[in-house]
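Chain by chain, the residues run as shown.
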Amino acid sequence: MSWSAFQTFTDLDAFNAAFPNMRAESVITGRGDFRADLATIQLDRVLLQDARETLPRTVYSAVDPRQFAIGFIKHPRQQLYVNGFELVPGAMFVFPSEAHIRFGSATRWNTVSLPREDVAAAGRTLIGHELAVPPHTHFIRLSPPLLSKLLNLHKAVSHLAKAAPEVLAGAEVARALEETLIRVMIQCLSEGQGIEVGSVYWRHAAMMRRLEKFLEANRDRTLHLTDLCAAAAASDRTLRILCQDHLGMSPTRYLWLRRMHLARRALRMADPTTFTVTEIATSYAFWELGRFAVAYRSLFGETPSATLRRPPEDPQKISGSPWRLPE
């Protein structure tokens, strides 16, 4: 059964939770009011999403390992980085199992995903063998005609879902569109030119994954730059460079922003009759409560106590998909 949804978000956590095959932790890196418009079109096997965001942000994402997903941007002047590597105009990327994705500005971006077993089956049918993305690249440069075909098809399906959803709900129309999408996706993967990134890219990505796992395991500890360097197995200089490339900020700034967003999530989920601002703030190593309250209000536009007083929100809506990050 095909369906579509068109949503507008002003809350980052709710936006993260709207991606069914991905778990994401995000921090907004620019000033202003966040707004994201998201179109989601689910065919029988293929899922399309079209997102438009107003502010730059950095996200640590993990794709459901059962899914195969590609991403691309609509406009060549927009900046999108995957593990510190800038997506060049005319290219798409295959979502790694885990990655830091940085949106350097307001961005319009798109995804197409389907089960990995369907990608393998389509490869056997369309090109005579199972399709395997080269192990040392997640970036593929497309020829102008092929890129145009992918963009136009994605746009046409999105437009049809919005203008005439009853047509898209028809089994024959949905099946025809899905087969066309799969065929174009396989064509992009088999005919596109892989962009080699080299072994250094993967070593740096591994360092940043170690950093993320360390931060996740030590939410309540006071951490210093030396702790972060030791966890990532990187020198001070290397970690600063990597964080600037992957995150768009210094490691200590990222630590602080990440914990502020986690504290806000905890405040939104907490029962005010059971928890206090002090308990939640200190659980994320914010020991100077006055400074925490001032910084919180500057970042989120309200006091921590105001966030806590609101009725607790649905944890599923805030936290995203229930499956866990792959080990």
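Definitions and cut-offs
- Residues numbered from 1 in each chain as written.
- Predicted model: local features only at pLDDT ≥ 70, side-chain atom pairs only at ≥ 80, totals over all residues.
- Heavy atoms only, no water.
- Pairing = 2+ DSSP bridges.
- Helix = DSSP H or I, 4+ residues; strand = E, 2+ residues; numbered from the N terminus.
- Contact = heavy atoms within 4.5 Å.
- Axes fitted to C-alpha atoms, helices over the stretch in contact; angles between N-to-C directions.
- Buried < 20%, exposed > 50% of the residue type's maximum accessible area, 1.4 Å probe, protein only.
- Polar contact = N/O pair within 3.5 Å; in protein donor to acceptor, adjacent residues only side chain to side chain.
- Core = buried A, V, L, I, M, F, W, Y, C linked by side-chain atoms within 4.5 Å.

Examining the sheet that holds strand β9 (residues 91-94)
Ordered in space as β1-β3-β4-β11-β6-β9-β12-β13, the eight strands form an open sheet in which the pairing is antiparallel. Edge strands, defined here as strands with exactly one partner in the open sheet, are β1 (3-9) and β13 (193-194). Across two bridges, strand β12 (residues 139-141) lies against β13 in antiparallel orientation. Each bridged residue has a counterpart across the sheet, and for Arg141 the counterpart in β13 is Gln193. Strands β4 (47-53), β6 (67-73), β9, β11 (107-115), β12 and β13 of the sheet are contacted by helix α5 (residues 171-191), whose axis makes an angle of about 80° with β6.

Observations regarding the side chain of Thr58
Considering the arrangement of structural elements, one finds Thr58 in strand β5 (residues 57-63). Residue class for Thr58 comes out buried when judged on its relative accessible area of 1%. One polar contact links the side chain of Thr58 to the main-chain carbonyl oxygen of Leu247, over a distance of 2.9 Å.

Things to note about the sheet that holds strand β7 (residues 80-82)
On the basis of which strands lie adjacent, the open sheet formed by five strands has the order β2-β5-β10-β7-β8 and antiparallel pairing. Of all the strands in the sheet, the pair left with one neighbour each is β2 (22-28) and β8 (85-86). Examined bridge by bridge, β7 and β8 share two bridges and lie antiparallel to one another. Counterpart to Val82 in the pairing with β8 is Phe85. Together, β5, β7, β8 and β10 (98-103) form the strand contacts of helix α6 (residues 199-217), whose direction differs from that of β10 by roughly 95°.

Concerning the nonpolar core
In this structure, Ile41, Leu43, Ile70, Met92, Leu142 and Leu189 are the most contacted members of the largest nonpolar core, which totals 34 residues. If you tally residues by element for this core, the top one is α5, at nine residues. Among all residues touching Met92, those that are not within four sequence positions of it are Ile70, Gly71, Phe72, Leu87, His138, Phe139, Ile140, Leu142, Leu150, Cys188 and Leu189. Within the second largest apolar cluster, 32 residues are counted, among which are Ala14, Val82, Phe93 and Phe103.

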